[in-house]
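# Notes for the structure review
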Amino acid sequence: MTKGAIETMSLTLANELGARGITVNAVAPGATRTPANGAVFEAPGLADVIAGSTALGRLGDAGDVADVVAFLASDAARWITGQVIDASGGLFLGPRT
């Protein structure tokens, strides 16, 4: 429910704030290993299963998500608003061949 609320809020705010030149977007990260959650991925085989479920064949790291956020905060993304950007490495796109 929270993810749905964030998507709806992003769309609503993008529409309301666009006239002021303010863009509003959200980032939806996939399985991302960070210092805070690293122990979760230590369960035997879990990291391999998740990595095998991504198109890029690996878990994300904090830098992967931070780069997307930095882009959206930059002037290069000035024409992007009301979007939810998937930063999951292609999680659940299907098995890699």
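Residues numbered from 1 in each chain as written. Predicted model: local features only at pLDDT ≥ 70, side-chain atom pairs only at ≥ 80, totals over all residues. Heavy atoms only, no water.

Right, let's talk about the overall build of the protein for a bit. Secondary structure summary: the protein contains 3 helices and 4 strands in total. Secondary structure elements in the protein, listed N-terminal to C-terminal, are α-β-β-α-β-α-β. For the protein, the spread of C-alpha atoms along the principal axes amounts to about 50 × 30 × 30 Å. With 97 residues in all, the protein has 23% of them scored as buried. Partitioning the intrachain contacts of the protein with sequence separation of at least 6 by distance along the chain shows that 69% fall at a separation of at least 24. Of the accessible surface of the protein, which amounts to about 6,700 Å², a share of 62% is contributed by carbon and sulfur atoms. With 6 positive and 9 negative side-chain charges, the protein shows a separation of 2 Å between the mean positions of the two kinds. (Helix = DSSP H or I, 4+ residues; strand = E, 2+ residues; numbered from the N terminus. Buried < 20%, exposed > 50% of the residue type's maximum accessible area, 1.4 Å probe, protein only. Contact = heavy atoms within 4.5 Å. Areas by Shrake-Rupley, 256 points an atom, 1.4 Å probe, with all protein chains shown as cover. Lys, Arg positive; Asp, Glu negative; His and termini not counted. Charge placed at Lys NZ, Arg CZ, Asp CG, Glu CD.)

Here we take up the pattern of salt bridges. For the coordinates displayed, the defined rule picks out 3 salt bridges. As a salt-bridge pair, Arg-58 and Asp-64 come within 2.8 Å of each other at their nearest N and O atoms. Judged by relative accessible area, Arg-58 falls into the partly exposed class, the value being 40%. Judged by relative accessible area, Asp-64 falls into the partly exposed class, the value being 27%. (Salt bridge = Lys/Arg side-chain N within 4 Å of Asp/Glu carboxyl O.)

On to a nonpolar patch on the surface. Residues Ile-6, Met-9 and Leu-13 make up a contiguous nonpolar surface patch of roughly 250 Å² in combined accessible area. Along the chain, Ile-6 turns up in helix 1 (residues 2-17). (Patch = residues over 30% accessible without salt bridge, like charges linked within 9 Å, V, L, I, M, F, W, Y side chains within 5 Å.)

Averaged over the protein, the pLDDT score is 93; the fraction of residues at 70 or greater is 96%. When the elements of the protein are averaged for pLDDT, helix 2 (residues 46-52) gives the smallest value, 93, and helix 3 (residues 62-73) the largest, 97. (pLDDT = per-residue confidence, 0-100.)

An α-helix turns once per 3.6 residues; consequently, residues spaced three or four apart project the same way. Across its 12 residues, helix 3 extends 16 Å between first and last C-alpha, which sits within 8% of the 16 Å expected from 1.5 Å per residue. In this structure Asp-61 caps helix 3, since a side-chain oxygen of it lies 2.9 Å from the backbone nitrogen of Gly-63. (Expected span 1.5 Å × (residues − 1). Polar contact = N/O pair within 3.5 Å; in protein donor to acceptor, adjacent residues only side chain to side chain.)

Our next topic: helix 1. Helix length check: helix 1, at 16 residues, gives a terminal C-alpha distance of 22 Å against a target of 22 Å (1.5 Å per residue), a fit within 8%. Where the residues of helix 1 are buried, they touch strand 1 (26-29).

Moving on, we come to the side chain of Ser-10. For Ser-10, the location among the structural elements is in helix 1. If we ignore the near neighbours within four places in the chain, the residues touching Ser-10 are Val-24, Asn-25, Ala-26 and Gly-82.

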